[in-house]
Amino acid sequence: MKPMPQALGRAFAGSLLAVGTLSAQGGLRSRIEGNGDARVQFSFAARSDVCGAGASIQIGSSTYIANGSGRLFDGDGRPLCRRGPVVVRVTRSAGIVVGLDVQIAPESSTDGIADLGTVSAVTAAEYLLDFAARAEGRPAREAILPAVLADSATIWPGLIALAKNRALARAVRQSAMNWLGRELDRSSGDDARRASAALVTLATDQEEMLPVRQQAVSVLARSERADLTALTSMANGNDTWLRQNAIEALANSGDPRARDYLRSALQDPALPDPLRTTVIRGLGREYATSRDVDLLRARYATLTSNSSKQAILSVLAEEGGAANLQWLLTIASDSGAAPDLRAQATESVQRAGASAAQLGKLYEQAPDRRGKEAAINGLLRRGDRQSVDLLLGIARNETDQSVRRGLVARLGRLEDARVKDFLRDLVNQ
């Protein structure tokens, strides 16, 4: 008998493995999804980065899941995190799975549950993903988590299949995409490229439902290994909906590549104003750097849209700091500025940390009612003794009766004896 060629031998071995896996999966399915009412459980090895205590599960150093009664803690107040098998408990009614929960190394068993024993982690993951594609409602969605926890299982192809399956409930597809993003960060090379490409396909498919497309964009933006070039291409494309969502996703990302894109987009004169506003807000928030803040201040004077300028004022107010406060004070006291921008800058200086004296000066310099009211709003929000002194002076001396009446009405909300005396005297006049 001639020896089998090496390539054919590998193929034959692979076929045998596939047949064996399908057989094992089918056997597990029949044992779990038998006839009648029952509760069964099976266990399998967990990934090396998984630990937990019953329904409290930790994956890696940043993902925590608390099911059932919540998390357990040790004597030092830290969450328990035992290494151990994944235990999946299934509730069946009339042969239909109606409940599925997962635990890590539970300390005790539950009465009335038939234990099917330990199964291969790979077989378990394949069964669970197959079940997610066949089941309905909550059990379908719940089957994805234990598949993710399975040791040595390559689950991203199954997650892609779930994400692309339009026959499934949206919640199942979105859950699959969410976990696919996490698997993408654990993968490399061709696996990562294929997973990323699947998300790009979902995001750019105009026939796909919008929540699914939006989820795909969001997952791409927060994944460290995703094809961010594809996301920036979406942000520069002709699909208006996709462009807006891609820019919003990039604006919520701390990835240095996303930050570079936002800086470049801000300086693009052809960028539509609503998108520019999204870019401006994205340059703020928790990932803002001094470079971003300097760029926003520098670009302010070049913008022609009030909405873009207002977005910059808002971002710098939230950022705070001496340099931003001084810049905002300059805008607020600029007699040539548009009234609405000047008023917003006046309110922004209070959020940026302006003193009562600085707000009082802006009130004195205000050329119109709107400017005065903006300064008064800032003093009311501060509410300290010096601010109240200034407000009482304004209430006594302001000649614009509309401004004065509005201030008097709001002073009554302050718990200050001097205010109560002033209002009492005002009533007795």
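Along each chain, residue indices are assigned from 1 in the same order as the chain's sequence is written. Residue-level local features of this predicted model are given only where pLDDT is at least 70; pairs of side-chain atoms are given and counted only at 80 or more, and the full residue set underlies all totals for whole chains, interfaces and linings. Heavy atoms throughout the structure, all of them, feed into the side-chain values; hydrogens and water do not.

Colleague: What am I meant to see in the packing of aromatic side chains here?
Modeller: Two aromatic rings from Phe, Tyr or Trp, using only the six-membered ring of Trp, form a pair when their centres are within 6.5 Å; if the ring planes differ by under 30 degrees the pair is stacked, by over 60 it is edge-to-face, and anything between is tilted. All told, the structure shown has four aromatic pairs when counted by the stated rule. Taken together, a centroid distance of 6.1 Å and an interplanar angle of 35° make the contact between Y127 and F131 tilted. Placement of both Y127 and F131 in helix α2 (residues 121–134) is noted, with a separation of four residues, approximately one turn of the helix. Accessibility here uses a 1.4 Å probe with only protein chains present; expressed as a share of the type maximum, an area under 20% marks a residue as buried, one over 50% as exposed, and anything in between as partly exposed. A relative accessible area of 4% places F131 in the buried class. Pairwise contacts between aromatic rings join F42, F44, Y127 and F131 into one cluster. The helix count covers DSSP runs of H or I at least four residues long, the strand count covers runs of E at least two residues long, and both are numbered beginning at the N terminus.

Colleague: Honestly, the packing of helix α17 (residues 356–365) against helix α18 (residues 369–382) in this entry has me stumped. Any pointers?
Modeller: When two helices pack together, their arrangement is given by the angle between the helix axes and the distance between those axes. In this description, a line fitted to the C-alpha atoms serves as the axis of each element, helices being fitted only across the stretch in contact, and the angle between N-to-C directions of two axes falls anywhere from 0 to 180 degrees. Put simply, α17 and α18 touch, their axes get as near as 8 Å, and they point 160° apart. Regarding the angle of α17 to α18, the classification is roughly antiparallel. The hand of the α17/α18 crossing is left-handed. Residues A356, L359, L362 and Y363 of α17 lie in contact with α18, whose contacting residues are K372, A375, I376, G378, L379 and R382. Ten residues, namely Ala, Val, Leu, Ile, Met, Phe, Trp, Tyr, Cys and Pro, are considered nonpolar, four, namely Asp, Glu, Lys and Arg, are considered charged, and the remaining ones, Gly among them, are considered polar. When its residues are assigned to classes, the contact of α17 with α18 shows seven nonpolar, one polar and two charged. Roughly parallel means an angle under 35 degrees; roughly antiparallel means over 145; roughly perpendicular covers 65 to 115; every other angle is labelled oblique. By convention, the crossing between two helices is left-handed when the near helix turns anticlockwise from the far helix through less than a right angle, and right-handed when the turn is clockwise. The contact rule is simple, with two residues in contact once any of their heavy atoms fall within 4.5 Å.

Colleague: Would you mind showing me how to read the state of the cysteines here?
Modeller: One way to say it: the disulfide is the covalent bond shared by the sulfur atoms of two cysteines. By definition, disulfides here are pairs of cysteine sulfur atoms that lie within 2.5 Å. All chains considered together, the criterion is met by one disulfide. Each sulfur of the disulfide joining C51 and C81 lies 1.6 Å from the other. Residues C51 and C81 are joined by a disulfide whose S-S torsion is about 65°; by sign, that bridge is right-handed. Placement of C51 in strand β2 (residues 50–53) and of C81 in the loop between β4 (63–66) and β5 (86–93) is noted, with a sequence separation of 30 residues between them. Using a relative accessible area of 6% as the deciding quantity, one classes C51 as buried. Given a relative accessible area of 30%, C81 falls into the partly exposed group.

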